[in-house]
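The primary structure of each chain is shown beneath.
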Amino acid sequence: MSQPASLPTHAASAENEQRERIKTVVHANADAAAAQLAAEIAALIRSNDAAGKPTVLGLATGSTPVRLYRQLIRLHREQQLSFKNVITFNLDEYYGLSRTHPESYWRFMHEQLFNHIDIPAGNVNVPDGMVPRDGVFASCRAYEDKIRQAGGLQLQILGIGRTGHIGFNEPGSGRDSRTRLVTLDALTRRDAARDFLGEANVPRHAITMGVGTILEARRIVLLAWGEAKARVIAEAVEKAPTESLPASFLQGHPAVSFHIDTAAASELTRIRHPWLVGTVDWTPALARRSVVWLSQQVKKPVLKLLDENYSEHGMADLLTEQGPSYGLNIRIFNEIQHTITGWPGGKPNADDTHRPERAVPHSKRVLIFSPEPADDVLGMGGTLRRLIDQGHDVTVVYQTSGNLGVPDEEATMAAELVLELDRVSGSAANPGAAFARDVRQQLAAKAAFDGDTPEIRKLKGILRRGEARAALQACSVAVSRARFLDLPFYEKGRYRQFQIGDADVAAVTALLREIKPHQIFATGQSSDPSSVPAVCFEILRRALVATKGESWLNDCRVWLYRNPEQAWEPAEIEMAVPLSPRELSWKIQAIYHHKSQRSQIPSVTEGRHESWQQAEHHNQTIARHYDALGLAEYEAIEAFQRWHLS
Ligand code: F6R
């Protein structure tokens, strides 16, 4: 394979990093990375303090740096790290949001960091989102001047958006751009929709430091967690710098590094296609991955790959070790073939030497964990139905109520409905009606973006339970099979601010002990660690650790499913459950019952991003991939991977 046109801008520390143009450190998890960076910042502050100089930091908002800020707060409390001589400049602010707005970055920074450390108020700088339109230019210039007067940024912390933005420098931003007013990309607005309770509420503009402003920082550290960032990280690190991916401009900086977790690193060549950058130990998994990759590269089914295809694509040593191609092709073809099963709970009375799931015991006790209502049907609605049809004892566990995702209008409508029922039935002193009346009043009194009262959250949770039950029925699952845990971490928290407590783990542990499942289906294992699926997965993991050694666990397999936005490559799939056109349409109907999760204003949304559309596309894409490899052509496939408790 051809090498990058220019040499990497950092001294590559290993052969397998040769494609990387930015020093990229992969950490076991986000906490480890945050702790290391916090220590670096603490050392910088202390050495500046000793020299009698201030420390000038560039800061970011969003989910990504929250762990870093927690670490800095910890260092302040436990190790007396002082921020008295620290001056901060934030990257950006939404245009049109006042400081008091719950989603303003000014407020975010105070809630997540500044309120918990000893930084003087006058040392904090966040671009002013309320400056009148005709004053924006001057205000942006003044911001830049202030950075310069402070001596320039010593260390700039960055996150990265899925568009490749840094700050709010969206695709199209030039390398020399300065602090300015920008228009937000559609994908960025969609990603912010959850925080703003709907895409329509997300501001269209923001003020951001420019790429040029960022590049003037003496040191830059970009953080990224979770699989959703993997593609954009690989492109920023390995592809030539381009305006269509502003983070790639960081390549030119003399002291930049990326600190990322394993999920965000998963698309780097050294991890995804290691045979392209060095010698590898050809494990069965790697051989399979490389052959599937080769088949996709040369657009030929696996069984038609020739020796020369292997040697022309840097895989001659695989051929030497495990070839010739004919036998290797057949072996890999069979391996993939054996991932396909219409019997996700195991096929009774069948030889299961090559089946993903064991036949015995036949009726299995199955626990399906759905972090929020809808995740179950989105990720595995077809398989869920099959498990039921094939006689398994399935329990669907909704870990959280999902009430944070319900728009107010839906709750108002539900409250009105109860009141109307009350009027129609004429029953006196109906406590349900009194509750609905309270909620309606609270909703009416609520200002846009205010947090919900416990009563409003309760009603929203009830709504989502109703949707979950309707969706289960569409999958022909009896509603009695649903369990709603309403885990406390979620009920007490807000997005980005979830903290796992003992009660969360205890609730899941108790359920595991009660059901003693033979099979568990779960999701969220490689999601952004602050997201609800990731928090829910971590709670399950801790619950499994707590039950280690119990006999049922020896006979329990854990299968991961994924949300439709995160596809597994065919070579990573360990169980592929085909769906007929009919099964796919049942699945879509089930997703459709999660009415509160649909776009509120379909006319302003473009493309394929309704969740049912994504699920349909995702499952059909997997089927197309299998077809292209030369396997049977199905309408759609749901994919799973086995997970082992280490
Ligand atoms: C935030 C910022 C953005 C975010 C990016 C990632 O100040 O400038 O570039 O870093 O959108 O956001 P999260 O961390 O929420 O995934």
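Below is a summary of the structure that appears in this document.

Analysis parameters
- Counting starts from 1 at the beginning of each chain's written sequence and moves along it residue by residue.
- Residues qualify for local features only when their pLDDT is at least 70, as the model is predicted, and side-chain atom pairs are given and counted only at 80 or more; totals for whole chains, interfaces and linings, by contrast, use all residues.
- Hydrogens and water are ignored here; the side-chain numbers use all heavy atoms of the structure.
- In short, DSSP must find at least two bridges between two strands for them to pair.
- A run of H or I in DSSP becomes a helix once it reaches four residues, and a run of E becomes a strand once it reaches two; helices and strands are each numbered from the N terminus.
- In this description, a line fitted to the C-alpha atoms serves as the axis of each element, helices being fitted only across the stretch in contact, and the angle between N-to-C directions of two axes falls anywhere from 0 to 180 degrees.
- Each Phe, Tyr or Trp ring, with Trp reduced to its six-membered ring, pairs with another whose centre is within 6.5 Å; inter-plane angles below 30 degrees give stacked pairs, above 60 give edge-to-face pairs, and intermediate values give tilted ones.
- Categorising residues by exposure relies on relative accessible area from a 1.4 Å probe, with only protein chains included: less than 20% of the type maximum marks a residue as buried, more than 50% marks it as exposed, and the intermediate range marks it as partly exposed.
- To sort the angles, those under 35 degrees are grouped as roughly parallel, those over 145 as roughly antiparallel, those from 65 to 115 as roughly perpendicular, and the leftovers as oblique.
- In what follows, residue pairs with any heavy atoms lying within 4.5 Å of each other are defined as contacts.
- Lys, Arg, Asp and Glu make up the charged group, whereas Ala, Val, Leu, Ile, Met, Phe, Trp, Tyr, Cys and Pro make up the nonpolar group; the residues left over, Gly among them, are polar.

1. A few points about the sheet that holds strand 13 (residues 482–484)
Next up, step 1: Pairing in this open sheet of seven strands is mixed, and the strands run 13-12-11-14-15-17-16 from one edge to the other. Each of the sheet's edge strands pairs with one partner strand only, and the pair in question is strand 13 and strand 16 (575–579). With direction set aside, neighbouring strand axes in the sheet form an average angle of 25°.
Next up, step 2: By the bridge criterion, three bridges tie strand 12 (residues 393–398) to strand 13 in an arrangement that is parallel.

2. Concerning the packing of aromatic side chains
Next up, step 1: For the structure on display, the rule yields 15 aromatic pairs.
Next up, step 2: Taking 6.1 Å as the distance between ring centres and 35° as the angle between the ring planes, the aromatic pair formed by W275 and W282 counts as tilted.
Next up, step 3: When its relative accessible area of 5% is taken as the criterion, W275 is described as buried.
Next up, step 4: Centroid distance Y398 to F484: 5.1 Å. Interplanar angle 15°. Geometry classified as stacked. Of this pair, Y398 sits in strand 12 while F484 sits in strand 13; the two residues are 86 residues apart in sequence, bridging distant segments of the chain.
Next up, step 5: By relative accessible area, which is 1% here, Y398 ends up buried.
Next up, step 6: The exposure class assigned to F484 is buried, which follows from its relative accessible area of 18%.
Next up, step 7: An aromatic cluster is defined as three or more aromatic residues linked by ring pairs; in this entry it consists of Y94, Y105, F168 and F196.

3. Description of the packing of helix 14 (residues 408–425) against helix 16 (residues 454–474)
Next up, step 1: As a packed pair, helix 14 and helix 16 sit with axes 10 Å apart at the nearest point and diverge in direction by 85°. As the angle between them shows, helix 14 and helix 16 are arranged roughly perpendicular. Contact residues: helix 14 offers D408, E410, A411, A414 and A415, while helix 16 offers L459, K460 and L463.
Next up, step 2: In terms of residue class, the contact of helix 14 with helix 16 is made up of five nonpolar, no polar and three charged.

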